[in-house]
Every structure is written in structure tokens, then in C-alpha cells.
Amino acid sequence: MPRNPSTGVYSKPAGTTPSVGQVIDPVPWNALTTDLGNEITNSLPRDGSAPMVAPLKAAGGTVSAPGVGFASTPQTGLYLKGGGLLGFAQNGVDVSFDQALVYAAKSGDYTALASDDNAVHRFTAAATLNLTAASTLGANWHYCVIADGGDVTIDPNGVETIDGATTLVLKDGYSVNIICSGAAFFTNKLFARIQSKADSSAVGDFVVGLILSNNGGNPNTHIDFTAGSARSGSSFVSSAASFTKRVTGTFAAGTGAGGLDAGAVAANAAYFAYALRKDADLSFDVVLSTSPTIGGITTTLLTGYTIVKCIGVVLTDGSSNIRQFVMYPRDEYTFVTPVKDAISLAVSTAPALLTLTVPNGVKVKAKLRFQFTSSSATNSALLSDPAQGALGAGIVSDGGNVGAIQVASNYAIGSADIWTNTSKQIRQVAGATGIIWLWTDGFHFHCGRSA
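The following paragraphs examine the structure supplied in this document. (Residues numbered from 1 in each chain as written. Predicted model: local features only at pLDDT ≥ 70, side-chain atom pairs only at ≥ 80, totals over all residues. Heavy atoms only, no water.)

## Notes on the pairing of strand β18 (residues 243-250)
Every regular strand shows the same layout, with side chains that alternate between the two sheet faces. Applicable threshold: Here a strand pair is declared whenever DSSP counts at least two bridges between the two strands. Helix and strand definitions follow DSSP, with helices as H or I runs of at least four residues and strands as E runs of at least two, each counted in order from the N terminus.
Relative to β18, strand β15 (residues 222-225) runs antiparallel, the two being bridged by four bridges. The residue of β18 that forms the bridge with D224 is T244. Of the pairings in the sheet, the one linking β18 to strand β19 (residues 258-260) comprises two bridges and is parallel in character. Among the inter-strand pairings, T250 is bridged to a residue of β19, identified as L260.

## With respect to the pattern of salt bridges
Counted only if it meets this: Salt bridge, as applied in this entry: a Lys or Arg side-chain nitrogen positioned within 4 Å of an Asp or Glu carboxyl oxygen. Note on classification: 1.4 Å probe, protein chains only; a residue is buried when its accessible area is under 20% of the maximum for its type, exposed when over 50%, partly exposed between these limits.
As enumerated under the stated definition, the model contains eight salt bridges in all. K309 is the partner of D205 in a salt bridge, and the nearest nitrogen-oxygen pair spans 2.5 Å. Note that D205 is positioned in strand β13 (residues 205-209) and K309 in strand β22 (residues 305-315), a separation of 104 residues in sequence. The exposure class of D205 is partly exposed, given its relative accessible area of 45%. For R449, the salt bridge goes to D331, with nearest N and O atoms at 2.6 Å. Residue R449 is located in the segment after β31 (434-444), and its partner D331 is located in the loop between β23 (325-328) and β24 (332-347); the two are separated by 118 residues in the primary sequence.

## As for the state of the cysteines
Quick note on the threshold: When two cysteine sulfur atoms lie within 2.5 Å, the pair is treated as a disulfide.
According to the stated counting rule, one finds zero disulfides in the structure shown. We note that C180 lacks a disulfide partner, and the nearest cysteine sulfur, in C144, lies 16 Å from it. Unpaired in this structure, C310 has its nearest cysteine sulfur neighbour in C447, at a distance of 4.1 Å. On the basis of relative accessible area, C310 is assigned to the buried category, the value being 13%.

## As for the sheet that holds strand β17 (residues 235-239)
Note on sheets: strands pair through backbone hydrogen bonds, and any given pair is parallel or antiparallel. Worth spelling out the cut-off: For every element, the axis is a line fit to its C-alpha atoms; helices are fit only across the contacting stretch, and the angle between N-to-C directions ranges from 0 to 180 degrees.
The strand order across the open sheet formed by three strands is β13-β16-β17, and the pairing between neighbours is antiparallel. The open sheet has two edge strands, β13 and β17, and neither has a second partner. Within this sheet the neighbouring strands show an average axis-to-axis angle of 5°, counted without direction. As paired elements, strand β16 (residues 228-232) and β17 share five bridges and run antiparallel to each other. Residue pairing for β17: S229 is matched across the bridge by S238.

Shape descriptors only; they carry no functional weight alone.
Here it is in C-alpha cells:
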């Protein structure tokens with residue numbers, strides 16, 4: 001009877017246990033010697049002179065007593081982990097080895113699986129990478145992502161986080177290594193450090209692109225921004241696509257959403273547009289505020305954002321609609337419909353301030369045209385920067401920029417670009433009593449665009 005293949009136990013044939021004086025039956029004894037010969041042949045020589053001819057089946061063992069060990073160090077060897085996984089023990093301590101690295105290209109959304117442990121995936125287009133639950137992937141699962149064709153949004157399962165945030169946007173051209181703790185995900189922080197280094201080492205103050213315009217479909221309520229970037233000192237943000245905000249709602253993230261930092265849109269107001277950078281993923285957004293300075297912005301709705309820089313301004317009319325305008329290079333604005341800011345305004349030798357339709361709280365260079373008449377044949381008017389103080393009009397004083405041409409009650413015209421004070425005002429004065437009309441065509445509000 002050969003060895004039991006399931007248990008490995010050998011039972012000798014019946015009739016092979018002799019007693020003294022018994023006559024031996026050759027049949028069972030021949031079977032015994034045949035079995036013994038076969039089993040000796042089947043045994044693995046200790047000197048290694050012959051190999052196994054079938055799989056070697058070892059005991060499962062444990063990390064402290066491996067199923068395959070060494071005589072001199074029995075706690076070092078191989079054992080069977082839970083789930084049918086092979087374990088490696090070294091002096092009774094588990095030793096882990098990575099799976100073979102696997103590279104694959106992805107052109108769309110993908111869900112990372114447990115089998116992607118130690119994989120490198122290169123995304124060739126903008127995509128969302130969903131992560132399977134951390135408890136399923138398990139502690140020590142790790143994965144490399146390369147964004148090579150668009151931003152990749154990394155989205156953990158449910159309420160799980162990556163680096164403490166609900167999502168992480170890997171910008172095009174960057175890579176990141178993701179590590180699972182069994183409960184959450186972390187990165188090697190290289191991506192964040194590179195971005196931070198780019199900010200902290202850079203200097204300058206500029207706006208490139210991000211040109212403002214009335215939205216084509218909703219010109220009275222929505223403002224469009226072209227693609228571009230803005231920097232103020234060490235803070236930088238960019239947008240690869242056009243962006244839209246509306247003045248009919250308070251701030252919410254994303255294009256087309258409300259833009260006001262607080263309150264409701266007001267009539268005859270100026271709304272300054274500020275570029276924002278979301279701290280979690282460095283994405284671009286815009287907030288609109290009546291404050292001409294960053295320090296005056298209401299930040300209640302801006303948690304998680306850095307205010308980078310003012311990139312422009314829009315004005316509303318008496319109906320709280322956005323005045324339609326055209327924006328030209330170097331931060332020049334022209335109203336589609338000129339605003340008549342003075343109608344038959346009496347002027348005299350006493351200098352006075354004149355309020356214009358321009359942004360409030362900042363000095364701008366107003367683009368003005370005027371018409372002047374006077375009963376005096378040689379009269380002239382002077383419109384000037386209030387910072388120059390009280391000037392006198394006329395050839396014997398400080399001159400003029402519009403005047404009646406030697407005929408009483410005639411009309412003269414003129415134009416000029418004049419700096420205002422922070423209350424939207426310029427100064428006006430005449431050599432003698434007269435009447436003036438003034439049109440505001442637009443203004444220059446410098447935000448740092450050089451083109």
C-alpha cells in the first residue's frame with residue numbers, strides 16, 4: 001500500500017507483521033518491499049542530487065514560524081498570509097516587497113484599483129481619477145500619477161481625503177505619488193512644494209490676458225474674462241480657459257457663478273475684479289467687490305482662497321446693469337455709450353470739483369470730451385487733475401483746454417485724458433463765466449497689463 005497522497009502517511013500492507021516461527025507469505029512481503037522502493041525513489045535526496053518532479057507543498061506557517069525555514073534560523077523563510085498571499089519572514093518579522101511596476105497610459109476618467117499597487121499611469125488628457133475606498137486598497141498601497149495633456153482631478157472615495165482635502169487637482173505637466181494609510185490618502189508633497197517654490201522665488205506684479213468684456217448672452221449681468229495669468233509678489237494664478245462671473249449673486253466657486261463678495265448688486269457702483277487662487281488645487285476664480293483694495297474685501301465666502309491681484313473693474317448704471325464697454329491693451333476702457341457727466345454746467349473763475357462716471361476709491365485717467373460756450377469773446381475753460389491744486393484759466397494764468405474762438409456765445413470743443421482723485425473728481429475753472437458740457441468716453445485703470 002503506497003503513501004496516502006493527501007496526508008503523506010505510509011501504511012504497510014497487511015500480513016507484513018511476522019511472529020517467531022511464522023512462515024512468511026511472499027505476496028504481502030513483496031508488496032512491502034516494492035512500496036518501500038517506490039517511496040525511497042520518490043523522496044527528495046538531502047544532498048540535492050535530484051530535483052522535485054512535482055510542486056513542493058509546505059505547511060502554511062506563520063511569521064514567527066515560517067512554513068519553509070532554515071535549520072540555523074527557523075524564523076526566517078516563507079509563510080502563507082491571509083487571503084492566499086505569500087509572506088516573507090526575517091527573524092520573525094514580516095518583510096514586504098513591491099509588486100512589479102506597471103506603466104499604462106489613460107486618456108479619460110479612471111478608477112484606481114487594488115491591482116494598481118505600484119503602478120504608474122500617465123493621463124494624456126484632462127480626467128478624473130477616482131480612488132477606491134482606502135480600506136479596500138489597504139495600508140501601503142501606492143500609485144504614481146502623471147498629468148501629461150490636461151489637469152487630473154484626484155477624487156478619493158466618499159468623504160475620504162487626500163492630503164486632508166476632498167480632492168486634489170494635479171496640474172498639467174506635474175506628477176504625484178499617492179500613498180494609502182488604509183483610512184486616507186497622502187502624497188509625497190513634491191507637487192505642492194514645486195508650486196510653492198515657484199511662488200516664493202518669483203517676483204513681480206503683472207496681469208497677462210484676463211481681458212474683461214460684457215458677456216455675449218447676458219451683457220447686463222455677466223462679465224467674461226479671457227484666459228491668462230496674474231501675479232502679485234509671490235502669489236500667482238492662471239486660467240487656461242475663459243471664465244465668467246455674474247454680479248447678480250454672491251460668490252460661489254466656478255465659471256458662471258455669482259461673484260460678489262457680499263450683498264446685492266447696486267446702481268451706479270464700481271465692482272473691482274480680483275483674481276483668486278484656491279489653496280487646495282491652485283485653480284483660478286474671481287471675486288467682485290466694491291472695495292478698491294484687497295484689505296477691504298469681505299472674505300466670509302472666500303475661505304480656502306488666496307486673493308492674488310486686482311485684474312479689472314466694471315461699472316453699473318442707474319438700473320444696476322453693467323455698463324457696456326470695450327477693453328483695450330494697457331488697461332484702457334471705453335464705454336460703448338459715452339456718459340454725459342456735465343450738461344449746461346455753469347463754470348466761473350472760482351475753481352470747483354466735477355464728479356465723473358469712473359471707478360470710485362482709486363485714481364484713474366478719465367478719457368474726456370467737452371464743449372464750452374461763453375458770452376465773453378475771449379473766454380477759455382481749464383479742466384485739470386485735482387492734485388495740481390486750484391489753477392486759473394486763461395492765457396495769463398494756467399491756460400485752458402477749451403475756449404470760445406473770439407466770438408461771444410460761440411461754441412468750442414476740446415478733449416483730454418485727465419487724472420481724477422479717489423472720489424472720481426476733476427477740477428474745472430474758467431477765465432470768465434461760461435457753460436460747459438462734458439462726455440466721459442472711458443478711463444485708464446492700470447492693473448499691470450503691458451499689452
